[in-house]
Amino acid sequence: PTRHARENQFRDGLIIAFLAFRPIRRRNIAAIRIGRHLLRVGGGYKVVFSGEETKNKQPIEVKLPDILVPFIDRYLAEIRPGFPRASEHDGLWASEKGFPMGAGTIYDRVRLRTRKALGVAVNLHCIRDSAATFLADHDEEGLNNARDLLGHARLSTTERYYIHANRRKAVQAFQTSIEELRRQFREQSKARLPTLGTST
């Protein structure tokens, strides 16, 4: 690919990796400004939003995982400066048009990249949904942790919109029961069949 294509691919991949670890809302992911929302702290980074900048008026202050640090460093030092007029704005996600990417553009790019890589277009809501469901499945404090991860003010919001773990378990249990009944039915049917060559 051309340098331009590589820069876009690196940026889009970093957005997806960022969301995989810190699934904040798309309005906030698009609004990140270097030095204001993305802050260097020691050898790493954290993301900070005031309550006035979030949908539910809850402040965000999260440390980014160490695994992302070298990629953010490279993006800021090598990749981002290659975008048009990137030096003239402080938006983290620079675009080909000379200004920060908007929430809609980020949404579309994530869907595009995941469709190419996975065969399924994964949207930002699905990433948040998956994170909450994973926590509910694998963590004793999953529901509370999911609420904190997604930045919900009330636990009921997390329960209502994001937790599918119990539903999935119920579907799996139902499917297992049906399969067991089918197995039993097949065995009983075989037992009733007359032996070949025996008069009935």
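Residues numbered from 1 in each chain as written. Predicted model: local features only at pLDDT ≥ 70, side-chain atom pairs only at ≥ 80, totals over all residues. Heavy atoms only, no water.

Caption draft 1: Just the pairing of strand β1 (residues 38-41), in detail. The pairing of β1 with strand β2 (residues 44-49) spans 4 bridges and is classified as antiparallel. Each bridged residue has a counterpart across the sheet, and for Val 41 the counterpart in β2 is Gly 44. Hairpin remark: β1 followed by β2, antiparallel, with 2 residues in the connecting loop; positive phi at Gly 42, about 60°. (Pairing = 2+ DSSP bridges. Helix = DSSP H or I, 4+ residues; strand = E, 2+ residues; numbered from the N terminus.)

Caption draft 2: Spotlight on the side chain of Asn 28. Here Asn 28 lies in helix α2 (residues 26-31). Residue Asn 28 is classed as buried on the basis of its relative accessible area of 3%. Residue contacts for Asn 28: discarding those within four places in its chain leaves Phe 49, Glu 53, Thr 54 and Ile 60. (Buried < 20%, exposed > 50% of the residue type's maximum accessible area, 1.4 Å probe, protein only. Contact = heavy atoms within 4.5 Å.)

Caption draft 3: Region of interest: unusual backbone geometry. Non-glycine residue Arg 85 carries a positive phi angle of around 55°. Residue placement: Arg 85 occurs in the loop between α3 (69-79) and α4 (103-118).

Caption draft 4: Representation of the packing of aromatic side chains in the model. For the structure shown, the criterion picks out 2 aromatic pairs. Judged by centre distance (5.7 Å) and plane angle (45°), the ring pair of Tyr 75 and Trp 93 falls under tilted. You can see Tyr 75 sitting in helix α3 and its partner Trp 93 sitting in the loop between α3 and α4, a full 18 residues away along the chain. Taken as a pair, Tyr 75 and Trp 93 share a single burial class, namely buried. Here a set of aromatic residues connected by ring pairs shows up, and it is made of Phe 18, Tyr 75 and Trp 93. Directly above the ring of Tyr 107 sits Arg 26, whose terminal nitrogen or CZ lies 4.8 Å from the centroid. (Phe/Tyr/Trp six-rings, centres within 6.5 Å; stacked < 30°, edge-to-face > 60°. Lys NZ or Arg CZ within 6 Å of the ring centre and 35° of its normal.)

By themselves, these are just geometric observations and shouldn't be taken as functional.
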